[in-house]
Amino acid sequence: MERLEEARLEIESLREQILYHDYQYYVLDSPEIADAEYDELMRRLRSLEAAYPELITADSPTQRVGGAPLAGFGQVQHRIPLLSLDNATTKAELVDFDHRIQRRWQGEPITYVVEPKIDGLAVSLTYEDGIFVQGATRGDGERGEDITQNLRTIASVPLRLRGERLPRVLEVRGEAYMDRRDFDQLNQRRGEQGEPLFANPRNAAAGSLRQLDSRITASRRLNVFFYALGYHEGLELDTHWQVLEYFKTVGLRVNPLIEQCQDMVAVWEYCEKIEARRDKLTYDIDGVVVKVDNLAAQDALGATGKSPRWAIAFKYPAEEATTVVEDIIVQVGRTGALTPLAILRPVEVAGSTVSRATLHNADILKAKDVRIGDTVIIRKAGDVIPEIVKPITTKRTGQEKVFTLPDHCPVCNAEVQRLPQEAVTRCVGTACPAQLVEGLVHFASRGAMDIEGMGPAIIGQLVDTGLIKDPSDIYFLSREKLRDLPRMGEKSIENLMTAIDASKTRPLARVIFALGIRLVGEAAARELAAHFGSMERFTQASREELQGVPLIGEKIADSITTFLEEPQNRRVIGRLAEAGVTMSEANKKTAQEPGPLMGKTVVLTGTLEGYSRQEAAELVRSLGGRVASSVSRSTDYVIAGSNPGSKLAKAEELEITILTEADLQGFLKE
Ligand code: IVH
């Protein structure tokens, strides 16, 4: 009994803390704790509730996971109808709106509240004594669908309001929406899984909320901004502004861009200001809503038909338009990524002319089934590259051409590769001009061949003048050739030649790393060098042998084989050898030196006082240990400095021994 009482107290305290941190995060947008700490509170609460299921309540923050699917949605009769808004598209129409109000309202001067018009779907939520009891869609304004279970899964919807003496009944209204970035990720996943794509964030939000299976809703990232008071008992406020302030105090998330305006001049300035920022927002908006602030004035003004007289929506130009796909081309980015691009008949969208749209990658291309010659709906939202929403298939004539990504790079003709579980198709050629500069910057960088003085600027010049066409050309540069470069004095030439020469003796591991094989980082390169001992043996390794090397899994092994099969890359390796670059491990050691950490896999996280990350890694290796970049069940120790990241939480979860910097130093004395 006493145990139960203790658990009850701790559960209550955890819920209070979580509610407080939700408020800091969602309403004030200023979290006080790290995600890992928050997760820890949730973990503790979950484990206590698992031990004492009788203490679980519906308003516990753990109860957002979604429940068994419904057979259908129930109906909800709105106690006060949800109205829609009249639109204005010009300044003159806004001024008319103001005039109508001034004529009808004889009381004190009118103040307006102006709010971004979020492009999502309207929802109504009812709280009784502070507890969320029911949520509904707008429906036809009189009756909506009961989506309580789905709304419960949204992190920014409080299951319980903050504060004492909460109103008996409080119905609040707001807009549920999906951030553009979450929308893109969702479509990306759907493309990969061959599921139909959502046309825009609003459809994605609506589709996610009108799910009979609330577990699906829980897996989507939705958000809500609250913007209106509905039916209420036990709350008295005078202005809409006060309503919004009140919302914030009880933990209901309110859009931070909302302002008060004393007159139409200020309202117009606000409309222009928000339109200028429209691209930078993380969510879609389709205009600004202008509302009379005084609630008594709102009442007096009333409504005509389905829209209130006291509010109006100023609409921005649509971010979607229709045009024709004249061609589809493939662009090769600096990392070798192939991106299909639609060349469009130029069209005006939300204030700019659009003539190209991205088709992202092979999956999205396939999922959207956009063909050359198609009439399409395009969307330009945010400061991202415009994209194609979908083809209008009813406009097809049969002349349209299906397009698929080529299997060779359109720039250098090397093979292209798509790794399992990756959306991007890449050119694997190291000498591909499209990726050359970036590849060379990596090759010469500190952790790789470490060629001092060979930074992006010089590399850019060397590539532009044609002196370098692949990394091996670095070792065939001469003083005479370098003299042709602009702004290269004798001294700089001398220094560069010395640095290039010095880099020839870098250990094999660095040479392998410098090649820039996808997925082969420093740690993997070190294992490969230790295992094979020479470049020759490495280049002859079979996929199976590669997979036998520590840290090398199936994906990395695949990436290495494709890389080595490309003739361009073999040629580069051959010329590096010819130039005298180290091609074998000087004194071939086993991967691990004997020492107190022999055979142990160690992960570093956070900042250490006495060592840089690199130094700490060297130290671990000199003690015989192996350094890994992420925590897994095979990790033996995690060394945590200050401000550790999620690796520490993961280590705790897996019950891995956590060491301090002092422990690490302690090994030195052993
Ligand atoms: S107030 C009577 N404020 O726009 C006024 N609506 O066309 C009711 N909307 O159905 C709405 N952002 O879904 C209001 N800040 C905002 C809004 C907003 C988006 C949507 C809402 C409503 C539609 C009206």
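**Q** How should I be thinking about the overall build of the chain in this particular structure?
**A** Across its full length, the chain holds 24 helices and 24 strands. Seen through its principal axes, the chain has C-alpha atoms that stretch 90 × 75 × 50 Å. Taken over 670 residues, the chain has a buried fraction of 50%. Considering only contacts in the chain between residues 6 or more positions apart, those separated by 24 or more positions represent 68%. Taken as a whole, the chain presents about 32400 Å² of accessible surface, with 49% of it coming from carbon and sulfur. Between the centroid of the 82 positive side chains of the chain and the centroid of its 99 negative side chains there is a distance of 3 Å.

**Q** For this particular structure, what's the right way to read the site of the ligand?
**A** By nearness alone, 13 residues border the ligand, and E115, I118, E175, Y227 and K291 come closest of all. A distance of 3.2 Å separates an oxygen atom of the ligand from a polar side-chain atom of K117. Interatomic distance of 2.5 Å between a side-chain N/O atom of E175 and an oxygen atom of the ligand. Calculation on the ligand without its partners gives an accessible area of 520 Å², and the protein chains cover 87% of this total. Elements represented by at least two residues in the shell around the ligand include exactly β3 (112-118) and β10 (285-292). Per-element tally for the shell around the ligand: the top contributor is β3, with four residues.

**Q** Looking at this structure, I do not really get the packing of aromatic side chains. What am I missing?
**A** One pair of aromatic rings is described through two measures. These are the centre distance and the angle between the planes. Under the definition given, this model contains eleven aromatic pairs. Taken together, a centroid distance of 4.8 Å and an interplanar angle of 75° make the contact between Y25 and Y26 edge-to-face. Assessed through its relative accessible area of 43%, Y25 is described here as partly exposed. Here F97 and Y112 contribute two aromatic rings whose centre-to-centre distance is 6.0 Å and whose plane-to-plane angle is 40°, an arrangement assigned as tilted. With F97 in helix α3 (residues 91-104) and Y112 in strand β3, this pair connects stretches of sequence that are 15 residues apart. The exposure class assigned to F97 is buried, which follows from its relative accessible area of 1%. Looking at Y112, the relative accessible area reads 0%, which means it is buried.

**Q** Just checking my understanding: could you explain α3 for this structure?
**A** An α-helical turn contains 3.6 residues, so any two residues separated by three or four positions project in the same direction. Its 14 residues give α3 an end-to-end C-alpha distance of 20 Å, which sits within 8% of 20 Å, the value for a rise of 1.5 Å per residue. Residues of α3 that are buried include every one of L94, F97, D98 and I101, and no others. In a view along the axis of α3, the buried residues occupy a sector of 95°, so they form one face of it. Facing away from the buried surface of α3 by more than 90 degrees, the exposed residues are A92 and R103. Where α3 is buried, its residues touch β2 (87-88), β3, α9 (264-277), β10, α10 (295-301) and β13 (311-315).

**Q** Even after reading the chapter, I still don't get the environment of F443, so can you show me in this structure?
**A** Mapped onto the fold, F443 is located in helix α12 (residues 433-444). Once the C-alpha coordinates of F443 and V289 are considered, the two residues, 154 residues apart in sequence, prove to be 54 Å apart. Leaving out residues up to four positions away in the same chain, F443 has contacts with A448, M449, D450, P471, I474, Y475, A514 and L576.

**Q** Please explain the pattern of salt bridges as it appears in this structure.
**A** Any two side chains of opposite charge can pair, on the condition that their charged atoms come close. Per the stated rule, a full pass over the model turns up 40 salt bridges. Between E494 and R479 there is a salt bridge, with its nearest N and O atoms 3.0 Å apart. Of this pair, E494 sits in helix α15 (residues 490-503) while R479 sits in helix α14 (residues 479-483); the two residues are 15 residues apart in sequence, bridging distant segments of the chain. The partly exposed category is assigned to E494, whose relative accessible area is 35%. Exposure remark for R479: the relative accessible area of 32% places this residue in the partly exposed category. Ionic contacts of the salt-bridge type, sharing partners, join the residues E12, R15, E16, E49, D59 and R160 into one network.

**Q** Before we go on, may I ask you to explain the sheet that holds β13 in this structure?
**A** Where strands meet in a sheet, backbone hydrogen bonds hold them as pairs that are either parallel or antiparallel. Taken in spatial order, the five strands of this open sheet run β2-β13-β10-β3-β9, and their pairing is mixed. The open sheet has two free edges, formed respectively by β2 and β9 (259-261), since each of these has just one partner strand. With five bridges connecting them, β10 and β13 associate as antiparallel partners. Across the sheet, the residue bridging to G287 is K315, located in β13. Strand contacts of helix α8 (residues 240-250): β3, β9 and β10, with the helix running at about 55° to β3, the strand carrying the most contacts.

**Q** Explanation requested: empty space enclosed by the protein in the structure shown.
**A** Over the atoms rolls a probe the size of a water molecule, and in doing so it shows where empty space is left. Under the criterion given, the structure shown has one cavity of 30 Å³ or more. Approximately 180 Å³ is the volume found for the largest cavity. Here the residues of the lining of the largest cavity sort into ten nonpolar, three polar and six charged.

**Q** Honestly, the confidence of the model for the chain in this entry has me stumped. Any pointers?
**A** Predicted coordinates in areas of low pLDDT are best not read in detail. Of all residues in the chain, 99% have pLDDT values of 70 or greater, and the mean over the chain is 92. This model gives residues 587-591 a pLDDT under 50, and the stretch forms seven contacts once residues within four places in sequence are excluded.

**Q** Could you clarify how one ought to interpret the packing of helix α1 (residues 2-27) against helix α2 (residues 35-51) in this entry?
**A** How two helices sit against one another is set out by the angle between their axes and by the gap between those axes. Here α1 crosses α2 at 150°, and the two axes come no closer than 10 Å. Classed by the angle they form, the pair α1 and α2 counts as roughly antiparallel. Remark: the crossing between α1 and α2 carries left-handed chirality. Contacts between α1 and α2 pair A7, E10, I11, L14, R15, Q17, I18, H21 and D22 from the former with Y38, L41, M42, R44, L45, L48 and E49 from the latter. Looking at the contact of α1 with α2 residue by residue, the class counts come to nine nonpolar, two polar and five charged.

**Q** I'm lost on the sheet that holds strand β7 (residues 169-177) in this one. Help?
**A** Across the sheet, four strands lie side by side as β5-β4-β7-β8; this open sheet has antiparallel pairing. Of all the strands in the sheet, the pair left with one neighbour each is β5 (131-137) and β8 (223-233). Mean inter-strand twist for the sheet, computed between neighbouring axes without regard to direction, equals 25°. Two elements, strand β4 (residues 121-128) and β5, share six bridges in a ladder whose sense is antiparallel. Of the residues in β5, the one forming a bridge with V123 is T137. Contacts from helix α6 (residues 201-209) reach β4 and β7 within the one sheet, and its direction differs from that of β4 by about 40°. Its contacts with the sheet place α8 against β7 and β8, and it is angled at close to 115° to β8.

**Q** How do you make sense of the packing of α12 against helix α13 (residues 456-464) when you look at a structure like this?
**A** Where α12 contacts α13, the two axes come as close as 10 Å, and the packing angle between them is 135°. The orientation of α12 relative to α13 falls into the category oblique. Between α12 and α13 the crossing geometry is right-handed. Across the interface between the two elements, L436, V437, L440, V441 and A444 from α12 touch P456, I459 and V463 from α13. Residues of the contact of α12 with α13, tallied by class, amount to eight nonpolar, no polar and no charged.

Rules and cut-offs
- Residues numbered from 1 in each chain as written.
- Predicted model: local features only at pLDDT ≥ 70, side-chain atom pairs only at ≥ 80, totals over all residues.
- Heavy atoms only, no water.
- Helix = DSSP H or I, 4+ residues; strand = E, 2+ residues; numbered from the N terminus.
- Buried < 20%, exposed > 50% of the residue type's maximum accessible area, 1.4 Å probe, protein only.
- Contact = heavy atoms within 4.5 Å.
- Areas by Shrake-Rupley, 256 points an atom, 1.4 Å probe, with all protein chains shown as cover.
- Lys, Arg positive; Asp, Glu negative; His and termini not counted.
- Charge placed at Lys NZ, Arg CZ, Asp CG, Glu CD.
- Near = heavy atom within 4 Å.
- Polar contact = N/O pair within 3.5 Å; in protein donor to acceptor, adjacent residues only side chain to side chain.
- Phe/Tyr/Trp six-rings, centres within 6.5 Å; stacked < 30°, edge-to-face > 60°.
- Expected span 1.5 Å × (residues − 1).
- Arc of directions from axis to C-beta.
- Salt bridge = Lys/Arg side-chain N within 4 Å of Asp/Glu carboxyl O.
- Pairing = 2+ DSSP bridges.
- Axes fitted to C-alpha atoms, helices over the stretch in contact; angles between N-to-C directions.
- 1 Å grid on protein atoms, 1.4 Å probe; cavity = no way out; pocket = protein on both sides within 12 Å on 5 of 7 lines; lining within 4 Å.
- Points joined across faces, edges and corners; volume = space filled by probe spheres on them.
- Nonpolar A, V, L, I, M, F, W, Y, C, P; charged D, E, K, R; others polar.
- pLDDT = per-residue confidence, 0-100.
- Parallel < 35°, antiparallel > 145°, perpendicular 65-115°, else oblique.
- Left-handed = near helix turned anticlockwise from the far one by under 90°.

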